[in-house]
Amino acid sequence: MKLISFDVEEWFHILNKNGNHTRKLMDLYPSKLENEIPKILDTLEMQKVKCTFFCVGSVAKKFPRIIKRIQKDGHQIGSHSYYHEPVSCQTQSEFAADLRLSIDCLEQITGEKVHCYRAPGFSVSTLTPWFFETLIENGIDTDSSIVFSSNLKYGGFKKEAINEPFLIDVNGAFIKEYPIPTKRFFHKKFIYSGGGYFRFFPYQFVKKWTIGKNYVMAYFHYRDFYINQPILPGTSAIDKFYIYYGITSAFSKFKNYLEDFAFTNISDFDKKINWNNQRTINFQAFL
Ligand SMILES: [Zn+2]
């Protein structure tokens, strides 16, 4: 099954070395959200694809109309934090407060319960042993924050990859986990179905790797398609490559991806999956 998601954040919400200070950026740079998100929504509508949109609360608060349009178009809405700061740079109580703010803000806008979460920059690791229990305490039962890769700046797990949805047992309560799939290549694991990785690899490669998989979680941001995007001051050469490479052709690649595969969102997939057949992992395996 091929799943698709978007992280609704600003083009400047990039977790570089200043990653734990992104809340200040909202006042510094102009938003392009109202220009870029409708183009994406129009394309999804044309292709009849329903997505899961993980929304940053502080962005939603500023642009509730965009969140309402996402909801009206029949997409699922989840939380992508309130300030878009790495979970692994926060204490448990800071994380809980940020999560609560984002849930309250999104629920106020949509009038619907939020029960899905994705951490900014997939910033969950052994540094965040309280992550899953904090999700459960705040009514989240579905997560898409785990990447089995050690190449990320703020998160990731070195364990052997589980490239399918699985349950996480948190002292008898359960989180449905939709990990970001990885592909092994010369003893390295890498992501191929979203963000900078999707922009970097030629489309024929992404297509080939996707065809061969039972489960894919694609993920995008509007900045992946935002042409003539300003380069953030202080961005290192390597970050420049990761953040801005391939933007000019990314939207047509994205449209090909939608045409070539039948994508669905987490809530529609959840109605079809029999969780009794999926693996259950004790949360202590992630400590
Ligand atoms: Zn993000």
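Calculation rules
Residues numbered from 1 in each chain as written. Predicted model: local features only at pLDDT ≥ 70, side-chain atom pairs only at ≥ 80, totals over all residues. Heavy atoms only, no water. Helix = DSSP H or I, 4+ residues; strand = E, 2+ residues; numbered from the N terminus. Rg over C-alpha atoms; globule rule 2.2 N^0.38 Å. Buried < 20%, exposed > 50% of the residue type's maximum accessible area, 1.4 Å probe, protein only. Contact = heavy atoms within 4.5 Å. Areas by Shrake-Rupley, 256 points an atom, 1.4 Å probe, with all protein chains shown as cover. Axes fitted to C-alpha atoms, helices over the stretch in contact; angles between N-to-C directions. Parallel < 35°, antiparallel > 145°, perpendicular 65-115°, else oblique. Left-handed = near helix turned anticlockwise from the far one by under 90°. Donors = N, O, S within 2.8 Å, 3.2 Å for Na, K, Ca; no water.

Quick look at the overall build of the protein chain
Counting secondary structure elements, the protein chain contains 10 helices and 12 strands. The C-alpha radius of gyration computed for the protein chain amounts to 17 Å, which stays within 12% of the reference 19 Å derived for 287 residues, consistent with globular compactness. For the C-alpha atoms alone, the extent of the protein chain along its principal axes is close to 50 × 40 × 40 Å. Going through the 287 residues of the protein chain one by one, you find that 57% of them count as buried. Taking all contacts inside the protein chain whose residues are at least 6 apart in sequence as the whole, residues at least 24 apart take part in 77%. By element, 52% of the accessible surface of the protein chain is carried by carbon and sulfur atoms, the whole surface being about 12,700 Å².

Digging into the packing of helix H1 (residues 33-46) against helix H9 (residues 247-260)
Here H1 crosses H9 at 25 degrees, and the two axes come no closer than 11 Å. Taken as axis vectors, H1 and H9 run roughly parallel relative to one another. Pair H1 / H9 crosses with right-handed handedness. Across the interface between the two elements, Lys-39, Ile-40, Thr-43 and Leu-44 of H1 pack against Phe-251, Phe-254, Lys-255 and Leu-258 of H9.

Notes on the coordination of the zinc ion
Here the zinc ion is held by Glu-9 (OE), His-80 (NE2) and His-84 (NE2), and the distances to it run 1.9 to 2.1 Å. Here the donor residues of the zinc ion share one chain and are spaced in sequence as E-x70-H-x3-H. In this pair, Glu-9 sits in the loop between strand E1 (2-8) and H1 while His-80 sits in the loop between strand E3 (76-79) and helix H4 (92-110), placing the two residues 71 residues apart along the sequence. Take Glu-9 and His-80: they sit in the same class, and that class is buried.

So, the environment of Glu-133
Counting through the fold element by element, Glu-133 comes out in helix H5 (residues 131-137). Sequence separation of Glu-133 and Phe-283 is 150 residues, and the distance between their C-alpha atoms is 9.0 Å. Beyond its immediate sequence surroundings of up to four residues, Glu-133 is in contact with Gln-92 and Val-170.

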